[in-house]
Amino acid sequence: MLRATVVDDSEELVSSVIADFSPVAIHDLADRPLPPGGLWDPTYPPIPDPPPTPLHWNVCFSDAGERDRAAEALRAWLPHLSIEAVDLPDEDWAARSQASLTAVHAGRFIIAPPWDLPPDDGAATVIVIEPSMGFGTGHHATTRMCLRLLSEIDVADATVLDLGTGSGVLSMAAALMGARSVIGIDIDQDAIDSAEASARMNTLPDTIAFQVLDFRNDPPTPADLVLANLTGGMLTSSAAAIAALVRPHGRLILSGFDHTEVDRVIAAFDRFMERQRLSEDNWLALHLQAR
Ligand code: SAH
């Protein structure tokens, strides 16, 4: 592995030099705070240009020879770059690269990549998702908390709307729990493509459908249960539009916000009462019910 650190904007040059030596993984360790509104909200609030961040990478190669040749090339191109060669034991490297790629438990579900399918022992429902499938692979606390809250709701015969479906994970979970119909919508065509690809990897009832849609401009039909793992900013600013999608006495699962935002989110949904609250890694999730 190479540890490369530089404080100017040579990132493109570094990556093009490294690319000649077939790196097997690049870990970006720079501390880059999320823009307000989060990463996945392309429209609200306007995302300011990020401040310049010094490059700080760990780059893994398949063998030490490639690594040393890459280091030599980098030193020639960028003499001011600080680089350090580090030997990683094989198991260590394998464990690091696989750590985020294993099956994850959440409520009554296991979200598993195709290469780590747990035995079907009937105890949990397995949802297969390729980790490259965008947001919603079970490795984010907000997704897991939504699944935990969903696990405790009786959705049989309910209609379900998943606002911002990403990989489709919450929609698939609701369909597998026997919901009467599930519609997963996303503003992003790539997300809908990945949700449809994920749906094909699972054996799902035909009650599920995905659609490219911005619920703020183009409201879908109201449902008994609405899932919205978005951002604190979007939940607050679009609370009226989201609330209008919940049928009388229906339920709402919200996530994507932290402790500093929860009071604003709750105040924006004052037509609802709080049924359950979960918190993990400073993220929160709420189960609300329409009064
Ligand atoms: N539901 C998944 C993914 C959440 S990520 C999970 O819980 O893991 C949030 C998703 O919301 C992104 O895929 C983003 O494209 C989508 N999104 C953001 N704003 C939206 C809007 N106004 N209408 C529909 N989808 C939206």
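Note that the structure is predicted; figures quoted are calculated from it, not measured.

Asker: Please explain the side chain of Ser171 as it appears in this structure.
Answerer: You can see Ser171 is positioned in helix H5 (residues 169-176). In this structure Ser171 comes out as buried when scored by relative accessible area, which is 0%. Filtering out sequence-adjacent residues up to four positions away, Ser171 remains in contact with Asp162, Thr165, Val182, Ile183, Gly184, Ile208 and Phe210.

Asker: Would you mind going over the pairing of strand S10 (residues 208-212) with me for this structure?
Answerer: Looking along a regular strand, one sees the side chains alternate between the two faces of the sheet. Relative to S10, strand S9 (residues 181-186) is paired through five bridges, and the arrangement is parallel. Bridging from a neighbouring strand, Ile185 pairs with Gln211 of S10. A crossover connection joins S9 to the parallel S10 through helix H6 (residues 189-201); in handedness this β-α-β unit is right-handed.

Asker: Honestly, the sheet that holds strand S5 (residues 104-106) in this entry has me stumped. Any pointers?
Answerer: Sheets are built from strands paired through backbone hydrogen bonds, the pairs being either parallel or antiparallel. With mixed pairing, the three strands of this open sheet are ordered in space as S5-S6-S7. The sheet terminates laterally at S5 and strand S7 (125-128), the two strands that pair on one side only. Sheet twist, expressed as the average angle between the axes of neighbouring strands with direction ignored, equals 25°. Two elements, S5 and strand S6 (residues 109-112), share three bridges in a ladder whose sense is antiparallel.

Asker: Just to check I follow, could you spell out helix H1 (residues 11-19) for this structure?
Answerer: Note: α-helices contain 3.6 residues per turn, so residues at a spacing of three or four share the same orientation. Among all positions of H1, only Val14, Val17 and Ile18 are buried. Considered in projection along H1, the buried side chains sweep an arc of 95° and stay on one side of the axis.

Asker: Looking at this structure, how should I read the sheet that holds S10?
Answerer: As summarised here, the arrangement of the seven strands in space is S10-S9-S8-S11-S12-S14-S13, forming an open sheet in which the pairing is mixed. The sheet is open, and its two edges are formed by S10 and strand S13 (272-280), each paired on a single side. Between one strand and the next, the sheet's axes are offset by a mean angle of 15°, whatever the strand orientation. The sheet contacts of H6 involve S9 and S10, and relative to S10 the element is tilted by about 165°.

Asker: Honestly, the pattern of salt bridges in this entry has me stumped. Any pointers?
Answerer: Oppositely charged side chains can pair when the atoms bearing their charge come close. Applying the stated rule across the entire model yields seven salt bridges. Of the charged contacts, one joins Glu66 and Arg69 as a salt bridge, the two residues approaching to 3.2 Å between their closest N and O atoms. Linking Glu66 with Arg69, this pair stays in helix H2 (residues 64-77), spanning three residues, or about one helical turn. Exposure remark for Arg69: the relative accessible area of 45% places this residue in the partly exposed category. When salt bridges with common partners are traced through the structure, they connect Arg144, Arg148 and Glu280 into a single cluster.

Asker: Would you mind going over H5 with me for this structure?
Answerer: Across the eight residues of H5, seven count as buried, placing the element largely inside the fold. If you check which residues of H5 are buried, you get Val169, Leu170, Ser171, Met172, Ala173, Ala174 and Ala175. One or two steps after H5, the chain reaches Gly178, where phi turns positive at roughly 95°.

Asker: Help me understand the site of the ligand, please; the structure alone is not making it clear to me.
Answerer: Thr143, Gly164, Asp186, Asp214 and Asn229 are the nearest of the 19 residues found near the ligand. Within the side chain of Asp186, an N or O atom sits 2.6 Å from an oxygen atom of the ligand. Ile187 is positioned with one of its backbone polar atoms (N or O) 3.1 Å from a nitrogen atom of the ligand. Relative to its free-state accessible area of 580 Å², the ligand is covered by the protein chains to the extent of 97%. Per-class residue counts for the shell around the ligand are nine nonpolar, six polar and four charged.

Calculation criteria
Residues numbered from 1 in each chain as written. Predicted model: local features only at pLDDT ≥ 70, side-chain atom pairs only at ≥ 80, totals over all residues. Heavy atoms only, no water. Helix = DSSP H or I, 4+ residues; strand = E, 2+ residues; numbered from the N terminus. Buried < 20%, exposed > 50% of the residue type's maximum accessible area, 1.4 Å probe, protein only. Contact = heavy atoms within 4.5 Å. Pairing = 2+ DSSP bridges. Right-handed = clockwise from strand over helix to strand, strands pointing away. Axes fitted to C-alpha atoms, helices over the stretch in contact; angles between N-to-C directions. Arc of directions from axis to C-beta. Salt bridge = Lys/Arg side-chain N within 4 Å of Asp/Glu carboxyl O. Near = heavy atom within 4 Å. Polar contact = N/O pair within 3.5 Å; in protein donor to acceptor, adjacent residues only side chain to side chain. Areas by Shrake-Rupley, 256 points an atom, 1.4 Å probe, with all protein chains shown as cover. Nonpolar A, V, L, I, M, F, W, Y, C, P; charged D, E, K, R; others polar.

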